[in-house]
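Analysis of the macromolecular model
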Amino acid sequence: MQILSGRRTRVLAATTATAGLVLVAACTSSGSGGSGSKTAAGGVELVKAGQLTTCTHLPYPPFQSEIDGTVQGFDVSMIDLVAKDLGVKQQILDTPFENFKTGAFLNSGECDLAAAGMTITAERKKNVDFSVPYFDATQALMVAKDSGITSLADAKAKKVKLGAQAQTTGEDYAKKQGFDPVSFESSDAVLNGLRTGQVKAVVIDYPVVQGWLKDKANAAYEVADNINTGEQYGFTVKKGNTELLAAVNKAIKDAKADGTYKKLYEKWIGPYGPSAASPAAS
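What comes next is a walk through the structure. All of these numbers come straight from a predicted model, not from anything done at the bench. (Residues numbered from 1 in each chain as written. Predicted model: local features only at pLDDT ≥ 70, side-chain atom pairs only at ≥ 80, totals over all residues. Heavy atoms only, no water.)

In this model helix α1 (residues 74-86) runs 19 Å from its N-terminal to its C-terminal C-alpha over 13 residues, within 8% of the 18 Å that 1.5 Å per residue would give. Most of α1 sits inside the fold, with 11 of its 13 residues counted as buried. Every buried residue of α1 is listed here: F74, D75, V76, S77, M78, I79, D80, L81, V82, A83 and L86. Following α1 by one or two positions, G87 has its phi on the positive side, about 75°. (Helix = DSSP H or I, 4+ residues; strand = E, 2+ residues; numbered from the N terminus. Expected span 1.5 Å × (residues − 1). Buried < 20%, exposed > 50% of the residue type's maximum accessible area, 1.4 Å probe, protein only.)

If you walk across this open sheet you meet the five strands as β13-β12-β14-β11-β15, and the pairing is mixed. The outermost strands of the open sheet, each flanked by one partner alone, are β13 (182-184) and β15 (221-233). In this sheet, adjacent strand axes meet at a mean angle of 25° when their direction is disregarded. Inspection of the sheet shows strand β12 (residues 162-165) paired to β13 by three bridges, in the parallel sense. Looking at β13, one finds that Q165 is bridged to F184. (Pairing = 2+ DSSP bridges. Axes fitted to C-alpha atoms, helices over the stretch in contact; angles between N-to-C directions.)

Moving on, we get to empty space enclosed by the protein. Applying the stated criterion to the full structure yields two cavities of 30 Å³ or more. Approximately 100 Å³ is the volume attributed to the largest cavity. What lines the largest cavity is a set of 13 residues, and nearest its centre among them are Y60, F97, A116, G117 and T168. Counted by class, the lining of the largest cavity contains five nonpolar, six polar and two charged residues. Considered as a void within the structure, the second largest cavity measures approximately 40 Å³ in volume. Forming the walls of the second largest cavity are C55, T95, N99, F100, G103, F105, L106 and A114. Of all the secondary structure elements, the ones that give two or more residues to the lining of the second largest cavity are α2 (98-102) and α3 (104-107). Grouping the amino acids of the lining of the second largest cavity by side-chain chemistry returns five nonpolar, three polar and no charged. (1 Å grid on protein atoms, 1.4 Å probe; cavity = no way out; pocket = protein on both sides within 12 Å on 5 of 7 lines; lining within 4 Å. Points joined across faces, edges and corners; volume = space filled by probe spheres on them. Nonpolar A, V, L, I, M, F, W, Y, C, P; charged D, E, K, R; others polar.)

Counting buried positions along strand β5 (residues 51-56) yields six of six residues, so the element is predominantly enclosed. As paired elements, β5 and strand β8 (residues 89-94) share six bridges and run parallel to each other. Its bridge partner being in β8, T56 is matched across the sheet by D94. The sheet contact formed by β5 and strand β9 (residues 113-114) spans two bridges and is parallel. In the sheet register, C55 faces β9, and the bridge partner there is A114.

This part covers the nonpolar core. The biggest cluster of nonpolar side chains holds 48 residues, and the ones touching the most others in it are L52, F74, M78, L86, F135 and W212. When contributions to this core are tallied by element, the ones reaching two or more residues are α1, β11 (135-144), α7 (187-195), β14 (201-205), α8 (206-213), β15, α9 (242-258) and α10 (260-268). (Core = buried A, V, L, I, M, F, W, Y, C linked by side-chain atoms within 4.5 Å.)

Moving on: the packing of aromatic side chains. Within this structure, the stated rule accounts for 16 aromatic pairs. Linked through ring pairs, Y60, F63, F74, Y134, F135, Y233, F235, Y261, Y265 and Y272 together constitute an aromatic cluster. Across the ring face of Y261, the terminal group of K256 is positioned such that the distance to the ring centre comes to 4.9 Å. (Phe/Tyr/Trp six-rings, centres within 6.5 Å; stacked < 30°, edge-to-face > 60°. Lys NZ or Arg CZ within 6 Å of the ring centre and 35° of its normal.)

Inspection of the secondary structure assignment puts T169 in helix α6 (residues 169-176). Separated by 50 residues in sequence, T169 and T119 place their C-alpha atoms 7.2 Å apart. Aside from chain neighbours lying at most four places away, what touches T169 is T119, T121, R124, Q139 and E231. (Contact = heavy atoms within 4.5 Å.)

Printed below as a string of structure tokens:
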């Protein structure tokens, strides 16, 4: 992993979930753009020749996290499909989450797209263009099994100190429910806050909690409440980048049609149900 001096952005290797191949930044395009060209298949203009540069925020398993030195997860695998269609390789930049809401790294030309388990909202649509929804998400309330907390309403009634990841819809939802949540920078920090007693309960996306509970180290915790907030995830591109947006949408739709989406979903998320197959338009 290469650390860029003087800034938080990290350049990371990505791994293709379907093939298990480690991807690294290339100097030239292997697609129709040719050597040194920033134009990939389908006339898509890229910020760097030979690679699809993706901004994300780590860690956020099962969507993206470092495993054995490479970044892997559901989002990573989905964007690998886009890169494959464009005839290039994916390179990932780890960036602060607040930039996803503003589209800062897209507008500055540092990334082609963003993939960070990001909920589609009207406010965010003002700054970026979203793909078609690729994942239906719910929020979960996670607590210790011996906490006595049975629901979000119960946590509120008991004036439980609640934690959430900063700049997320989970944090926004908790605030709307009357909580003053403790903000943590990353999902790992949220979990650590619960483990160390900084908070007694946390609200975060349910798939993240699913991943945590698969780890025996978290056997003392459970989901006290599953909250359907009607959220859907989308990938984002710079406003007006219609060619890349079309390529992303095509990759999502093709993956659902040929069974690839189902395989990736079952590998990274869990059982694949009807709601996962055809999420409604946001």
